[in-house]
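Next come the chains, spelled out residue by residue.
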Amino acid sequence: MTAILHKIGVIGAYFTNGYHNTTSGSLSEEYAREYSWPQRLAKLCGITALHFGHAGWNCKKWLNSSLYTAVAETENKCTAYVVSFASNDIYEEDNPDRDYQLGTISDVNIGNESQNAASYYGYLSKIIARLYEVQPKAYVFLQTYPYNYGRTETLGYSQAMRDIVAAYRNENYRIYLIDYSTYGMTIAEAQSKNMYRGSHYVASGYQYMAYELCTYIDWIIRSNMADFEDAAFVGTNAEYIEE
């Protein structure tokens, strides 16, 4: 069923962009993306995947980047979006790019996100609002960060995604949780299977993640069939004729 989402836009940091550790630094952004899970998912399902993220970025940086504008361009509007920011959002003292805390769900003002607090909760909610601004009927998925035994601080950011999805779903938004930190392959498992080197996945790891996400999104669609019956109408004014 994942294939009914003909065009998916992906917003995130390194593992949405296929980043590899090499002796000469990273592969070029364009080359690495061919190995990213969004491109492997696109090949697997026969869909199109567009990248609106960048290795090393976080929610705050995205909101202040050219990609905030790029998602609104006609050719860039998508049926669905996957958002996955976490590890680069963790607060670091004296780092102007990470000068905000995790926050709480009270930082989110659904429908008036410009008033959100300057926190991870607030900034992630602003990204969601931007996507619905440019594509009101879109399906939005939040993907939690892979579980890493050495970085348990990411667990709070996964919980933030759960809280935000629940809050928006209570307001009837078409938003869903890909709880990868609970059900996906852990970093330790990826390392043991030679799918992770240094601090990033290798080609086989990104491919495996694509298989996992294809299955997970398929399960979400089959569990919410009524939500997805008009997937073909995203980006149009069309509605079904009442019979």
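Report follows, based on the coordinates. These numbers come from a predicted model, not from an experiment. (Residues numbered from 1 in each chain as written. Predicted model: local features only at pLDDT ≥ 70, side-chain atom pairs only at ≥ 80, totals over all residues. Heavy atoms only, no water.)

1. Side note on the overall build of the protein
- Each helix and strand in the protein was counted, giving eleven helices and seven strands.
- Taken over the C-alpha atoms alone, the protein extends approximately 60 × 40 × 30 Å along its principal axes.
- Considering only contacts in the protein between residues 6 or more positions apart, those separated by 24 or more positions represent 71%.
- Carbon together with sulfur atoms contributes 47% to the accessible area of the protein, which is approximately 11300 Å² in total.
- Side-chain charges of the protein comprise 18 positive and 27 negative groups, with the mean position of each set lying 5 Å from the other. (Helix = DSSP H or I, 4+ residues; strand = E, 2+ residues; numbered from the N terminus. Contact = heavy atoms within 4.5 Å. Areas by Shrake-Rupley, 256 points an atom, 1.4 Å probe, with all protein chains shown as cover. Lys, Arg positive; Asp, Glu negative; His and termini not counted. Charge placed at Lys NZ, Arg CZ, Asp CG, Glu CD.)

2. What about the sheet that holds strand 5 (residues 175–178)?
- In space, the five strands of this open sheet follow the order 2-1-3-4-5, with parallel pairing throughout. The outermost strands of the open sheet, each flanked by one partner alone, are strand 2 (48–51) and strand 5. Shown here is a sheet whose adjacent strand axes are inclined to one another by a mean of 25°, direction ignored.
- One ladder, built from four bridges, connects strand 3 (residues 80–84) with strand 4 (residues 139–143); its direction is parallel. Paired with V82 across the strands is F141, a residue of strand 4.
- Of the strands in this sheet, strand 1 (7–12), strand 3, strand 4 and strand 5 are in contact with helix 6 (residues 120–134), which crosses strand 3 at around 165°. (Pairing = 2+ DSSP bridges. Axes fitted to C-alpha atoms, helices over the stretch in contact; angles between N-to-C directions.)

3. Digging into the packing of helix 6 against helix 7 (residues 154–169)
- Helix 7 packs onto helix 6 with a crossing angle of 50° between their chain directions and a minimal axis gap of 10 Å. Relative to helix 7, the element helix 6 is oriented oblique. Considering the relative orientation of helix 6 and helix 7, their crossing is right-handed. Where helix 6 abuts helix 7, its residues Y120, Y121, L124, S125 and I128 lie against Y157, Q159, A160, M161, D163, I164 and Y168.
- Of the residues belonging to the contact of helix 6 with helix 7, the class tally is nine nonpolar, two polar and one charged. (Parallel < 35°, antiparallel > 145°, perpendicular 65-115°, else oblique. Left-handed = near helix turned anticlockwise from the far one by under 90°. Nonpolar A, V, L, I, M, F, W, Y, C, P; charged D, E, K, R; others polar.)

4. A closer look at the pattern of salt bridges
- Under the criterion given, the structure shown has five salt bridges.
- One salt bridge connects D179 with R162, and the closest N-O pair in it is separated by 3.0 Å. On the criterion of sequence distance, the pair formed by D179 in the loop between strand 5 and helix 8 (180–183) and R162 in helix 7 is long-range, its members being 17 residues apart.
- Given a relative accessible area of 7%, D179 falls into the buried group. (Salt bridge = Lys/Arg side-chain N within 4 Å of Asp/Glu carboxyl O. Buried < 20%, exposed > 50% of the residue type's maximum accessible area, 1.4 Å probe, protein only.)

5. Quick notes on the state of the cysteines
- Evaluated as defined, the whole model comprises zero disulfides.
- No disulfide involves C45; its nearest neighbouring cysteine sulfur is the one of C214, lying 3.4 Å away.
- For C45, a relative accessible area of 16% puts it in the buried group.
- The thiol of C59 is not disulfide-bonded; the next cysteine sulfur, from C78, is found 18 Å away. (Disulfide = S-S within 2.5 Å.)

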